[in-house]
Amino acid sequence: MQRSSGTGRLGTQLRDGRTRLATLYQEGCCKLRLPRAHGSALEAVLINTSGGLTGGDAIAWEAEASAGCKVVLTTQACERAYRSTGDAAAISVKLQAERDAHLDWLPQETILFERSRLERRLEVDLEEGATFTAVEAVLLGREAMGETARRACLSDNWRIRRNGRLIHAEATRLDGTDIERGALSLLAGNNAFATVLAITPDAAEKLQALRSLLPAHVAAGASVIEDRLVLRALAPSGLALRRILAPAIALLSGAGTLPRLWTI
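Keep in mind that what you see is a predicted model, and the values were worked out from it rather than measured. (Residues numbered from 1 in each chain as written. Predicted model: local features only at pLDDT ≥ 70, side-chain atom pairs only at ≥ 80, totals over all residues. Heavy atoms only, no water.)

Position of E79 among the secondary structure elements: in strand 7 (residues 79-81). Although buried, E79 forms no salt bridge, and the nearest oppositely charged side chain, R80, lies 6.4 Å from it. The residues contacting E79, other than those within four sequence positions of it, are N48, G52, L53, I59, I91, E109, T110 and I111. (Helix = DSSP H or I, 4+ residues; strand = E, 2+ residues; numbered from the N terminus. Buried < 20%, exposed > 50% of the residue type's maximum accessible area, 1.4 Å probe, protein only. Lys, Arg positive; Asp, Glu negative; His and termini not counted. Salt bridge = Lys/Arg side-chain N within 4 Å of Asp/Glu carboxyl O. Contact = heavy atoms within 4.5 Å.)

Structure follows, in structure tokens:
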């Protein structure tokens, strides 16, 4: 069966106090677009022209923020993982931020359809003084269609390094069992979840501000270890999850605001 594949890659340079595009490469179903921005950051929109992913599809994104640059990476729309007849779809993301650069990895939500299989890996290399913000949000099925995608499978692995030393690692796994969807210590019946990570020297200062932004009576919590701030959230729907994520991203992103496509 025909499979989709693609690679998108960009590099930046600092010129006249603004982040400028230095290199751009795109192949297959992966496209990159650079909307006009009014701030000092370069915003790149990642597009999968295949319209979604199914078993055997593979896409790879790579970006480099040169010294002093600010780069915001987001997606045109929610990524969709459709039903697989065998193999898993694969998404590979490799990011690098040089000295005193800031990089935002802010894709919109990933929607897992029933019996989808997705393997995703995020690898980030930070040099001294570089800062980083990331979000990964997952929706289980389409709420408007009454779907819950109880047999969707996901493997999501993050590895963040500073000067080659591992400073953050985590793994999320869904294997389509009832207990992980219903257990109080796991998803507790929710159909949407997300992790937000910020690596910044003022993480402790931002923690209280972040907690004050969280809506009352939501299944969300934030904590800090050294320069790492982590927010984890559960919600019954994609809309409820966005109400948690939107102010958090605006606070923690290098641009100080949501990417424009998150507000459309």
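Still more to cover.
Here the focus is the packing of helix 2 (residues 203-213) against helix 3 (residues 238-252). Where helix 2 meets helix 3, the axes come as close as 9 Å, and the angle between the chain directions of the two elements is 155°. Taken together, the axes of helix 2 and helix 3 lie roughly antiparallel to each other. Judged by the sense of rotation from one axis to the other, the crossing of helix 2 with helix 3 is right-handed. Across the interface between the two elements, K206, A209, L210 and L213 from helix 2 touch P247, A248, L251 and L252 from helix 3. Partitioning the contact of helix 2 with helix 3 into residue classes produces 7 nonpolar, no polar and 1 charged. (Axes fitted to C-alpha atoms, helices over the stretch in contact; angles between N-to-C directions. Parallel < 35°, antiparallel > 145°, perpendicular 65-115°, else oblique. Left-handed = near helix turned anticlockwise from the far one by under 90°. Nonpolar A, V, L, I, M, F, W, Y, C, P; charged D, E, K, R; others polar.)

With that settled, the discussion passes to the pattern of salt bridges. The tally for this structure, following the rule as stated, stands at 11 salt bridges. A salt bridge links D156 to R120, with the shortest nitrogen-to-oxygen separation between them at 3.0 Å. Of this pair, D156 sits in strand 13 (residues 153-162) while R120 sits in strand 11 (residues 117-126); the two residues are 36 residues apart in sequence, bridging distant segments of the chain. Residues R150 and D178 are paired through a salt bridge, measuring 3.7 Å at the closest nitrogen-oxygen approach. With a gap of 28 residues between them, R150 in the loop between strand 12 (131-140) and strand 13 and D178 in helix 1 (residues 178-182) connect regions that are remote in the sequence. Using a relative accessible area of 33% as the deciding quantity, one classes R150 as partly exposed. A network of salt bridges, in which partner residues are shared, links R120, E136 and D156.

What follows is about the sheet that holds strand 5 (residues 58-65). Spatially, the 7 strands line up as an open sheet ordered 2-1-5-8-11-13-14, and their pairing is mixed. The open sheet has two edge strands, strand 2 (18-28) and strand 14 (165-174), and neither has a second partner. If you compare each strand with its neighbour and ignore which way they point, the axes differ by 10° on average. The pairing of strand 11 with strand 13 spans 10 bridges and is classified as parallel. Note on strand 13: the bridge partner recorded for E123 is R159. (Pairing = 2+ DSSP bridges.)

Let us now look at a nonpolar patch on the surface. Together, L21, L24 and L34 make up a nonpolar patch on the protein surface, roughly 210 Å² of accessible area in all. Summarising the element assignment, L21 is placed in strand 2. Residue L21 is classed as partly exposed on the basis of its relative accessible area of 33%. (Patch = residues over 30% accessible without salt bridge, like charges linked within 9 Å, V, L, I, M, F, W, Y side chains within 5 Å. Areas by Shrake-Rupley, 256 points an atom, 1.4 Å probe, with all protein chains shown as cover.)

Here we take up helix 3. Helix length check: helix 3 (15 residues) gives 20 Å between terminal C-alpha atoms against 21 Å at 1.5 Å per residue, within 8%. Taken as a whole, helix 3 carries its principal kink of about 25° at L245; the proline P247 stands between one and four residues after it. Among the residues making up helix 3, those that are buried are G238, L241, I244, L245, A248, I249 and L252. For helix 3, the secondary structure elements touched by its buried residues are strand 9 (102-106), strand 12, strand 15 (192-199), helix 2, strand 16 (219-225) and strand 17 (228-235). (Expected span 1.5 Å × (residues − 1). Bend = angle between axes of the 7 residues up to and from the residue.)

Take it as geometry only, folks, not as evidence of what the structure does.
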